[in-house]
Amino acid sequence: SAYGGGAVFGGGGKVNHESYRVAYTLRIHDGDVLDIAWSPGDVWLATASVDNTVVVWDVEKLPSTVAILKGHTGHVKGVTWDPVGKYLATQSADKTLRVWRTSDWGEEAMVSEPFEECGGTTHVLRLDWSPDGQYLVSAHAMNGGGPTAQILERDGWKFEKDFVGHRKAVTCVRFNDNIFEKHLEEVGKKAQYVCLAIGSRDRSLSVWLTSLKRPLFVIHDVFESSILDLAWSKDGLVLLACSMDGSVAAVVLNEKELGTAMPKDTKSALLKKIYGQNIGPAQNAKPMLIENPELLKLAQNGTDNDSEAEASVAVNGNRATPSLVKRGPTDKQLEMRTSDGRRRITPIYIVPNSETTNQAVMNGNSMSSESFGKYQMQSSSSEAKSKIRVEKLDGVVEPNVSPGKKSSPGSEKP
């Protein structure tokens, strides 16, 4: 048909071959769902509802749920994931913003002071995390009687700064997923910054760069009603905004206006340098979160070789105490002869220095880049070289058989 999905809109009569069907209908909320968000790696799906709860769904086992977060006493109007997968943040009509841990789905923090003067005038409260995970920006907040978008720092959840300028309540906040770079000729250095779009009940849209003290631009009177949601394209150059009046507006930008987007591998390396953990789908595959690359390797080796090592690592930023099972002698190297005259050596087992590893783990939320670099530079080459003692044992063992084990005649294959 000419419309309704049979033909491509604006395609000159081309037929649309795409067809969609319902895969799952997720039923658990007792009221309308006001916001929805995919976790990093699309492992979990979070839905916020007017029934005062947030449901976290297991995407690989739909319609199974991972957790139902209860704590808000009003409609939950916004939900967003920490880009490194450690936290989930929600904002509610009960004038609070809450941060939840993904390790045990417990409440990490509750912030209410910036929202005490807020009225329930917004249909949604869509908050968002910055792409580097360092800042969480809320929707409707108040400062001195004026509407703002409150900035919360990941370090201690402090709220000392905000975005001001809109005449009515902020309904939605959306960070550009890219980290931008631009060479500053007057300074002679390269600046790194992020981009943020804010929508409001005053029908206006503002776009901010963290490198500027004022908004990059503000668009007024595009809509006839409140802005409900915002979305950036993957390349970060197109911004879509939708309104309660039923219309959608597109803002097209270029690199001269925003800057050059940091390559994905560089961004991933930056996140690993800040948080010291695996970033992406693999990180969310298990609820265990290790914010130290050395401990992560230790845990992975323990999983791959259960017979050689078993690591017990505390998660969620607390202390980590690896416990390894010793295999083989720790003070000498054993040497025997096989029946065919070859030497059979049982090498010395070197126990990892867990004390050094523990000192590198911070008790806070993340590891700073300074401490990360300092730990990476540590090396055992500066220590005095140890002399390995070799102990030769009498007796003959059969080939490919460890000392102390005997092969039975019936075990050989014909």
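Residues numbered from 1 in each chain as written. Predicted model: local features only at pLDDT ≥ 70, side-chain atom pairs only at ≥ 80, totals over all residues. Heavy atoms only, no water.

J.: With reference to specific residues and values, describe unusual backbone geometry.
T.: A cis amide bond, omega 5°, links leucine 62 with the succeeding residue proline 63. Although it is not a glycine, asparagine 52 sits at a positive phi angle of roughly 75°. With respect to the helices, strands and loops of the structure, asparagine 52 is situated in the loop between strand E2 (44-49) and strand E3 (53-58). Asparagine 52 gets classed as partly exposed once you look at its relative accessible area, which sits at 22%. Backbone geometry at tryptophan 157 places phi at a positive 55°, although glycine is not the residue there. By the element assignment, tryptophan 157 lies in the loop between strand E11 (146-153) and strand E12 (161-164). Tryptophan 157 sits in the buried class, given a relative accessible area of 9%. (Helix = DSSP H or I, 4+ residues; strand = E, 2+ residues; numbered from the N terminus. Buried < 20%, exposed > 50% of the residue type's maximum accessible area, 1.4 Å probe, protein only.)

J.: With reference to specific residues and values, describe the pairing of strand E8 (residues 107-111).
T.: Here strand E7 (residues 97-101) runs beside E8; their pairing, made up of four bridges, is antiparallel. Bridging across to E8, arginine 98 finds its partner in methionine 110. (Pairing = 2+ DSSP bridges.)

J.: Would you mind going over the sheet that holds strand E17 (residues 227-232) in detail, with residue names and values included?
T.: The sheet built from three strands is open, its strands ordered E17-E18-E19 with antiparallel pairing. Single-partner strands in this sheet number two, and they are E17 and strand E19 (248-252). Neighbour to neighbour, the strand axes of the sheet diverge by 20° on average, direction disregarded. With five bridges joining them, E17 and strand E18 (residues 238-243) adopt antiparallel strand pairing. Paired with aspartate 229 across the strands is cysteine 242, a residue of E18. (Axes fitted to C-alpha atoms, helices over the stretch in contact; angles between N-to-C directions.)

J.: Before we move on, could you go through the pattern of salt bridges and cite the residues and values that matter?
T.: As enumerated under the stated definition, the model contains 11 salt bridges in all. Notably, a salt bridge pairs glutamate 107 with arginine 98, separated by 2.9 Å at the nearest N-O pair. Owing to a relative accessible area of 11%, arginine 98 belongs among the buried residues under this scheme. A salt bridge links aspartate 221 to arginine 203; the nearest nitrogen and oxygen atoms lie 3.6 Å apart. Note that aspartate 221 is positioned in the loop between strand E16 (217-219) and E17 and arginine 203 in the loop between strand E14 (189-200) and strand E15 (205-209), a separation of 18 residues in sequence. Taking relative accessible area as the criterion, aspartate 221 reaches 54% and is therefore assigned exposed. Taken together, the shared-partner salt bridges in this structure form one network comprising Asp35, Arg126, Arg174 and Asp229. (Salt bridge = Lys/Arg side-chain N within 4 Å of Asp/Glu carboxyl O.)

J.: Quick one: what's the story with the side chain of threonine 90, residue by residue and with numbers?
T.: The topology assignment puts threonine 90 in strand E6 (residues 87-92). For threonine 90, a relative accessible area of 0% translates into the label buried. Engagement of the side chain of threonine 90 in a polar contact is seen with the side chain of histidine 72, the distance being 2.7 Å. Setting aside chain neighbours within four positions, we find threonine 90 in contact with Val54, His72, Val76, Gly78, Val79, Thr96, Leu97, Arg98, Trp100 and Leu127. (Polar contact = N/O pair within 3.5 Å; in protein donor to acceptor, adjacent residues only side chain to side chain. Contact = heavy atoms within 4.5 Å.)

J.: Break down the nonpolar core for me, with residues and values.
T.: In this structure, Cys195, Ala197, Leu205, Leu230, Trp232, Leu239 and Leu258 are the most contacted members of the largest nonpolar core, which totals 20 residues. Counting only elements with at least two residues in this core, the list comes to strand E13 (170-184), E14, E15, E17, E18 and E19. With four residues, the top contributor of residues to this core is E14. Apart from residues no more than four positions distant in its own chain, tryptophan 232 is found in contact with Arg174, Phe175, Asn176, Cys195, Ala197, Val207, Val238, Leu239, Leu253 and Leu258. (Core = buried A, V, L, I, M, F, W, Y, C linked by side-chain atoms within 4.5 Å.)

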